[in-house]
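Residues per chain, in single letters:
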Amino acid sequence: MASEINKDKIQIIEWIVNQDKLTALKPLKDAIAAMEKDKEDTNEIVGYLSHGVRVTRKQLVQTLLDSVNSLNDDTLIKLEDLEQQSDKW
């Protein structure tokens, strides 16, 4: 896998070096800038929990993915089952 990544990097570097027009590099520069912004945005605070703890975009997305996985894995507790368990408390 690492050798495949290195081959890709070399190909990209060679392509960049062989460009002689700035217009050919602009889309690449824009894409890199967008990826860097996305990386920064994952740490952006998007809300707070009821007790004041900050929630970042990355945490929110992970929570949503965990919820979807719970739905797919059928690991959620049904309301009826929860009520039965709470009666035993």
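Treat the numbers as computed from the prediction; the structure is a model and nothing was measured.

Peer 1: Any chance you could explain the overall build of the protein here in plain terms?
Peer 2: In terms of regular secondary structure, the protein is built from four helices and two strands. Ordered by position from N to C terminus, the α and β elements of the protein give α-α-β-β-α-α. A globule of 89 residues ought to have a C-alpha radius of gyration of about 12 Å, yet the protein, at 23 Å, is considerably larger. Projected onto its principal axes, the C-alpha positions of the protein cover 75 × 35 × 20 Å. Across the 89 residues that make up the protein, the buried fraction comes to 2%. For the protein, the accessible surface area stands at approximately 8300 Å², while carbon and sulfur atoms represent 57% of it.

Peer 1: I tried to follow the pairing of strand β1 (residues 45-48) on my own but got confused; where do I start?
Peer 2: Successive residues of a regular strand alternate their side chains across the two faces of the sheet. Across three bridges, the pairing between β1 and strand β2 (residues 54-56) is antiparallel. Within β2, the position partnered with I45 by the bridge is T56. Where β1 hands over to β2, the hairpin turn is made up of five residues, of which G52 adopts a positive phi near 90°.

Peer 1: Quick question: what am I supposed to make of the pattern of salt bridges here?
Peer 2: Between side chains of opposite charge, a pair can form as their charged atoms come close. Per the stated rule, a full pass over the model turns up two salt bridges. With a shortest N-O distance of 3.0 Å, K26 and D30 are connected by a salt bridge. Here K26 and its partner D30 are both found in helix α2 (residues 22-41), four residues apart, which amounts to about one turn of the helix. Taking the relative accessible area as the measure of exposure, K26 reaches 49% and is therefore partly exposed. On the accessibility criterion, D30 (39% relative accessible area) is partly exposed. Residue R57 pairs with E44 through a salt bridge whose shortest N-O separation is 2.7 Å. Of this pair, R57 sits in helix α3 (residues 57-73) while E44 sits in the loop between α2 and β1, and the two are 13 residues apart along the sequence. Here E44 falls in the partly exposed class, since its relative accessible area comes to 35%.

Peer 1: What am I meant to see in a negative patch on the surface here?
Peer 2: A cluster of acidic residues, E80, D81, E83 and D87, forms a negative patch at the surface. Positionally, E83 belongs in helix α4 (residues 79-87).

Peer 1: How do you make sense of the confidence of the model for the protein when you look at a structure like this?
Peer 2: Should pLDDT be low for a region, the predicted coordinates there are not to be read in detail. Looking at the protein, the pLDDT average stands at 83 and 97% of residues meet or exceed 70. Confidence, read as mean pLDDT per element, is least for α3 in the protein (81) and greatest for β2 (88).

Calculation criteria
- Residues numbered from 1 in each chain as written.
- Predicted model: local features only at pLDDT ≥ 70, side-chain atom pairs only at ≥ 80, totals over all residues.
- Heavy atoms only, no water.
- Helix = DSSP H or I, 4+ residues; strand = E, 2+ residues; numbered from the N terminus.
- Rg over C-alpha atoms; globule rule 2.2 N^0.38 Å.
- Buried < 20%, exposed > 50% of the residue type's maximum accessible area, 1.4 Å probe, protein only.
- Areas by Shrake-Rupley, 256 points an atom, 1.4 Å probe, with all protein chains shown as cover.
- Pairing = 2+ DSSP bridges.
- Salt bridge = Lys/Arg side-chain N within 4 Å of Asp/Glu carboxyl O.
- Patch = residues over 30% accessible without salt bridge, like charges linked within 9 Å, V, L, I, M, F, W, Y side chains within 5 Å.
- Lys, Arg positive; Asp, Glu negative; His and termini not counted.
- Charge placed at Lys NZ, Arg CZ, Asp CG, Glu CD.
- pLDDT = per-residue confidence, 0-100.

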